[in-house]
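# Architecture at a glance
Listed below, chain by chain, are the residues.
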Amino acid sequence: MHLHILGICGTFMGSLALLARELGLTVSGSDANVYPPMSTQLEEAGIALCEGYSADNLWPRPDRVVIGNALSRGNPEVEAVLDLGLAYVSGPEWLAEQVLPGRRVIAVAGTHGKTTTASLLAWLLESGGQAPGFLIGGVPRNFGVSARLGAQDAPFVVEADEYDTAFFDKRSKFVHYRPEIAILGNLEFDHADIFEDLGAIERQFHHLVRTVPGRGRLLVADGEPALDRVLEMGAWTPVERFGTQATSPWRLELEREDASRFRVIHERHDGGAEVNEDAVVDWALTGAHNARNALAALAVASACGVDLPRGAAALSRFATPRRRQELRGEVANIQVIDDFAHHPTAIAATLEGLRAATSRGRLLAVIEPRSNTMRLGSLRDRLAASVAAADAAFWFEPPGLDWSLSPVLEASPVPARLLDDLDALVAALVAEARPLDRIVVMSNGGFGGIHEKLLAALEVAHADGTA
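Criteria and thresholds
- Residues numbered from 1 in each chain as written.
- Predicted model: local features only at pLDDT ≥ 70, side-chain atom pairs only at ≥ 80, totals over all residues.
- Heavy atoms only, no water.
- UniProt positions renumbered as here; feature names shortened; annotations may be inferred.
- Helix = DSSP H or I, 4+ residues; strand = E, 2+ residues; numbered from the N terminus.
- Buried < 20%, exposed > 50% of the residue type's maximum accessible area, 1.4 Å probe, protein only.
- Polar contact = N/O pair within 3.5 Å; in protein donor to acceptor, adjacent residues only side chain to side chain.
- Pairing = 2+ DSSP bridges.
- Axes fitted to C-alpha atoms, helices over the stretch in contact; angles between N-to-C directions.
- Phe/Tyr/Trp six-rings, centres within 6.5 Å; stacked < 30°, edge-to-face > 60°.
- Salt bridge = Lys/Arg side-chain N within 4 Å of Asp/Glu carboxyl O.
- Core = buried A, V, L, I, M, F, W, Y, C linked by side-chain atoms within 4.5 Å.
- Contact = heavy atoms within 4.5 Å.

UniProt annotates the chain under Pathway (unreviewed entry) with the comment "Cell wall biogenesis; peptidoglycan recycling." Under the UniProt heading Cofactor (unreviewed entry), the entry covering the chain gives this text: "Mg(2+)".

This is the structure we're talking about:
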């Protein structure tokens with residue numbers, strides 16, 4: 001069977017391609033924006049890629065077409081699929097039909113931290129000898145791939161996105177997955193291009209809650225008013241809380257300010273008696289947000305049979321997913337770090353975690369407000385404050401931004417610069433950076449390959465003494 005995927009280089013669709021290939025299907029795909037790590041992953045898997053969208057990409061005729069949610073009517077390849085009467089389906093629907101039946105599905109949902117939490121959980125289950133399947137919106141470095149089938153009798157971990165499914169299905173992706181266990185990690189306003197307000201997103205999260213069976217489990221973060229409102233709409237599944245509140249059965253206590261060491265406390269009942277267990281996690285990640293992600297993963301892993309001491313020990317061997325505080329290189333003792341942060345909350349959390357981790361040099365933030373929410377300017381009033389933990393901020397104004405970043409610079413709590421040319425941005429960073437600095441590049445796109453360009457420019461500058 002030949003499956004053709006439109007938008008194949010998206011993190012979700014590229015992961016589907018790997019699963020389809022593992023199922024023995026012939027897989028091809030099209031995309032207009034090809035960049036690592038997904039393009040590299042597909043190439044290594046031997047999956048044929050067509051650059052750009054065209055009716056010609058549909059020859060020879062595929063048996064079925066999977067259409068990504070980034071594509072809409074008017075796209076030449078979408079129009080050809082419809083005109084030719086080809087069988088087509090959305091990505092989440094294909095996953096639900098072809099991969100998830102008969103599996104113990106664990107869905108990881110939330111505005112932030114889904115990729116890291118899903119990667120953590122998959123690693124904990126793997127360390128517990130369970131060979132889980134997974135589909136993750138990034139590439140977990142412990143596995144080297146973003147998706148795999150895993151053992152048929154093992155859990156399947158899926159990153160559960162609230163974004164809409166396809167141009168012909170405007171429900172959130174996660175309503176297709178029918179999980180037995182769901183993690184609700186946090187919830188705030190995002191995706192302004194499809195949601196009118198936070199209440200609209202809360203309703204979609206409640207649709208997910210409605211699909212979790214009574215024999216299942218909801219792991220819900222404490223201290224999240226929006227998630228409280230979701231549960232107030234109704235819940236038919238046992239709820240376990242995790243976080244820092246004394247009433248939560250899964251709690252963490254930071255033992256280092258940067259959260260590189262923390263204690264996990266689990267209070268449970270066994271035959272009517274209260275049993276407390278705890279374990280210390282000493283790992284390579286930083287930031288209280290990542291500690292909370294780990295806490296959620298440990299709680300679910302425990303429900304799947306991985307005991308807390310074993311899980312805590314496994315976290316010491318966890319490597320961050322690609323593009324999550326990923327060190328891309330170091331030149332002349334200047335680090336270039338890549339991060340997917342593209343929302344004010346995520347930007348602030350990333351910078352605060354790195355700031356607390358070490359006193360090493362300065363922290364230079366480089367931000368491309370590229371997401372649809374950022375392009376619409378829905379959260380622009382929060383952007384200036386999001387870089388408070390940095391020593392300086394470099395803002396890149398991408399083409400097509402519907403508003404000016406100038407007010408963000410005016411309100412910035414740290415020195416800030418605005419540039420709209422990538423080469424000029426690289427030159428400014430090379431001129432500014434000095435040994436022991438960390439340059440943190442934050443974007444949810446390829447950012448024009450800035451990481452490689454910046455590292456190459458730093459090499460040249462420090463080789464000829466111009467820096």
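Now that the structure has been shown, we can carry on.
## Some details on the side chain of Thr115
Mapped onto the elements, Thr115 comes out in helix α5 (residues 114–127). Thr115 gets classed as buried once you look at its relative accessible area, which sits at 4%. Here the side chain of Thr115 touches Glu159 through a polar contact of 2.8 Å, side chain to side chain.

## Some points on the sheet that holds strand β18 (residues 326–331)
Pairing between the strands of a sheet is mediated by backbone hydrogen bonds and can be parallel or antiparallel. Read from one edge of the open sheet, 6 strands run β18-β19-β23-β20-β21-β22, paired in mixed fashion. Looking at strand neighbours, the two that pair on one side only are β18 and β22 (416–419), the edges of this open sheet. For this sheet, the mean inter-axis angle between neighbouring strands, taken without regard to orientation, is 20°. Both strand β19 (residues 334–339) and strand β23 (residues 438–442) contribute to a ladder of 5 bridges, which runs parallel.

## Here we look at the packing of aromatic side chains
Within this structure, the stated rule accounts for 6 aromatic pairs. A centroid spacing of 4.7 Å and a plane angle of 50° characterise the contact between Phe134 and Phe143, whose relative ring orientation is tilted. Phe134 gets classed as buried once you look at its relative accessible area, which sits at 0%. Ring centres 5.0 Å apart and planes at 90° place the aromatic pair Phe167 and Phe168 in the edge-to-face group. Judged by relative accessible area, which is 32%, Phe168 ranks as partly exposed. An aromatic cluster of three or more residues is present, and its members are Tyr88, Phe167 and Phe168.

## So, the pattern of salt bridges
Any two side chains of opposite charge can pair, so long as their charged atoms come close to each other. Inspection of every chain in the model, using the stated rule, returns 26 salt bridges. Note that Arg261 and Glu255 form a salt bridge whose closest N and O atoms lie 2.8 Å from each other. Taken together, the shared-partner salt bridges in this structure form one network comprising Glu255, Arg256, Arg261, Arg263, Asp278 and Asp282.

## Things to note about the nonpolar core
Note that soluble globular proteins tend to have their nonpolar side chains buried in a common cluster. Counting 95 residues, the largest nonpolar core has Leu19, Trp94, Leu95, Leu121, Leu135, Phe205 and Trp283 as the members making the most contacts within it. Among the elements that take part in this core, helix α8 (residues 288–303) stands out by supplying 9 residues, more than any other. Discounting residues that sit within four places of it in the chain, Phe205 has contacts with Ala109, Gly110, Glu162, Phe174, Leu184, Asn186, Leu187, Leu227 and Val230. If you look at the next biggest cluster of nonpolar residues, it comprises 24 residues, including Ile334, Val426, Leu454 and Leu455.

## Section: the pairing of strand β9 (residues 155–159)
A regular strand places its side chains on the two faces of the sheet in alternate fashion. For β9, the tally of buried residues reaches 5 of 5 residues, placing the bulk of the element in the interior. Covered by surrounding structure in β9 are Pro155, Val157 and Glu159 together with Phe156 and Val158, the residues of both alternating faces. In terms of strand pairing, strand β6 (residues 104–109) meets β9 through 5 bridges, oriented parallel. From the neighbouring strand, Ile106 faces β9, where its bridge partner is Val157. Taken together, the 3 bridges between strand β7 (residues 133–135) and β9 define a ladder with parallel strand orientation. Counted as the bridge partner of Gly133 is Phe156 from β9.

## Regarding unusual backbone geometry
Here Trp59 and Pro60 are connected by a cis peptide whose omega angle stands at 0°. Phi at Ala259 is positive, roughly 70°, even though this residue is not glycine. By the secondary structure assignment, Ala259 is in the loop between β15 (250–254) and β16 (261–270). Classification of Ala259 as buried rests on a relative accessible area of 0%.

## A short note on the environment of Arg438
Here Arg438 shows up in strand β23. Sequence separation of Arg438 and Ile347 is 91 residues, and the distance between their C-alpha atoms is 15 Å. A distance of 2.8 Å separates a polar side-chain atom of Arg438 from the backbone oxygen of Leu354.

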